[in-house]
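Each chain, written out:
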Amino acid sequence: MPLAKEKNGGASISKVTVKEREDEREEEEEAIIERSLRRAMDFYSTMQTDDGHWSGDYGGHLFLLPGLVITLYITGALNAVLSNQHQHEICRYIYYHQNRDGGWGLHIEGQSTMFGTTMNYVTLRLLGKEAEGEAAERGREWILRHGTATTISPWGKMWLSVLGANEWCE
């Protein structure tokens, strides 16, 4: 909402009240729909940045960042897109959200899963972290204690296949 306030000079979008709704019932259905859509577009356009996107926090998920890193790695663009500092901060984020048991969940507060642990372990390795490093080693041990990465979900098997670490047909 700070962006909406900045773009509107502090003006807020009016809320629909019960009285408005009673008045709207008398209008034709198409007019109601059109007005509602225009209000929605007006509302969301106030939060749109100048370059066309809607900024916002999408933190907490631990399965999205590995997909980005894997994609950049297989396309050869990892170092071109992510500076050393970015890569360092990605690793720090992953380290910080490692569970006490050595694994990672689907999100920062989730219990460890094979998918979360394998994807974050692979991400650390692709970013140059040694398998013997504390976080990576604990993650690898979690994976081995829970049946190996071959028990990862199909979505994880797809990512591992793209990397050449899993057979595509499995």
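The chain carries the name Squalene cyclase N-terminal domain-containing protein in an unreviewed UniProt entry, which gives Gossypium raimondii as its organism.

**Some words on the confidence of the model for the chain**
The share of residues in the chain with pLDDT of 70 or more is 84%, and the mean pLDDT across the chain is 86. Considering each helix and strand of the chain separately, the mean pLDDT is smallest for helix α2 (residues 18-24), with a value of 55, and largest for helix α7 (residues 114-126), with 97.

**Here's the deal with the packing of aromatic side chains**
The final tally for this structure, using the stated rule, is 3 aromatic pairs. With a centroid separation of 4.9 Å and 80 degrees between ring planes, the pair formed by Phe-43 and Tyr-44 is classed as edge-to-face. Judged by centre distance (6.5 Å) and plane angle (45 degrees), the ring pair of Phe-63 and Phe-115 falls under tilted. Here Phe-63, found in the loop between α3 (29-46) and α4 (64-74), pairs with Phe-115, found in helix α7; they are 52 residues apart in sequence, far enough to count as distant. Judged by its relative accessible area of 27%, Phe-63 is partly exposed.

**Quick word on the packing of α7 against helix α8 (residues 134-145)**
It is the contact of α7 with α8, at a shortest axis distance of 9 Å, that shows an interaxial angle of 145 degrees. When the axes of α7 and α8 are compared, the crossing they make is left-handed. Contacts between α7 and α8 involve Met-114, Thr-117, Thr-118, Tyr-121 and Leu-124 from the first element and Ala-135, Ala-136, Gly-139, Arg-140, Trp-142 and Ile-143 from the second. For the contact of α7 with α8, the per-class residue count stands at 7 nonpolar, 3 polar and 1 charged.

**A short note on a nonpolar patch on the surface**
On the surface, Tyr-73, Ile-74, Val-162 and Trp-168 cluster together to form a nonpolar patch covering roughly 430 Å² of accessible area. Among the structural elements, Trp-168 can be located in the segment after α9 (154-163). On the accessibility criterion, Trp-168 (63% relative accessible area) is exposed.

**Quick word on the environment of Arg-140**
Inspection of the secondary structure assignment puts Arg-140 in helix α8. Spatially, the C-alpha atom of Arg-140 lies 7.0 Å from that of Tyr-121, the residues being 19 residues apart in sequence.

**Let's talk about the nonpolar core**
If you look at the biggest cluster of nonpolar residues, it comprises 27 residues, and the most contacted ones within it are Val-69, Ile-70, Leu-78, Ile-90, Leu-124 and Leu-127. Listing elements by their share of this core, those giving two or more residues are α4, α6 (84-96), α7, α8 and α9. Among the elements that make up this core, the one with the highest residue count is α7 (7 residues).

Thresholds applied
- Residues numbered from 1 in each chain as written.
- Predicted model: local features only at pLDDT ≥ 70, side-chain atom pairs only at ≥ 80, totals over all residues.
- Heavy atoms only, no water.
- pLDDT = per-residue confidence, 0-100.
- Helix = DSSP H or I, 4+ residues; strand = E, 2+ residues; numbered from the N terminus.
- Phe/Tyr/Trp six-rings, centres within 6.5 Å; stacked < 30°, edge-to-face > 60°.
- Buried < 20%, exposed > 50% of the residue type's maximum accessible area, 1.4 Å probe, protein only.
- Axes fitted to C-alpha atoms, helices over the stretch in contact; angles between N-to-C directions.
- Left-handed = near helix turned anticlockwise from the far one by under 90°.
- Contact = heavy atoms within 4.5 Å.
- Nonpolar A, V, L, I, M, F, W, Y, C, P; charged D, E, K, R; others polar.
- Patch = residues over 30% accessible without salt bridge, like charges linked within 9 Å, V, L, I, M, F, W, Y side chains within 5 Å.
- Areas by Shrake-Rupley, 256 points an atom, 1.4 Å probe, with all protein chains shown as cover.
- Salt bridge = Lys/Arg side-chain N within 4 Å of Asp/Glu carboxyl O.
- Core = buried A, V, L, I, M, F, W, Y, C linked by side-chain atoms within 4.5 Å.

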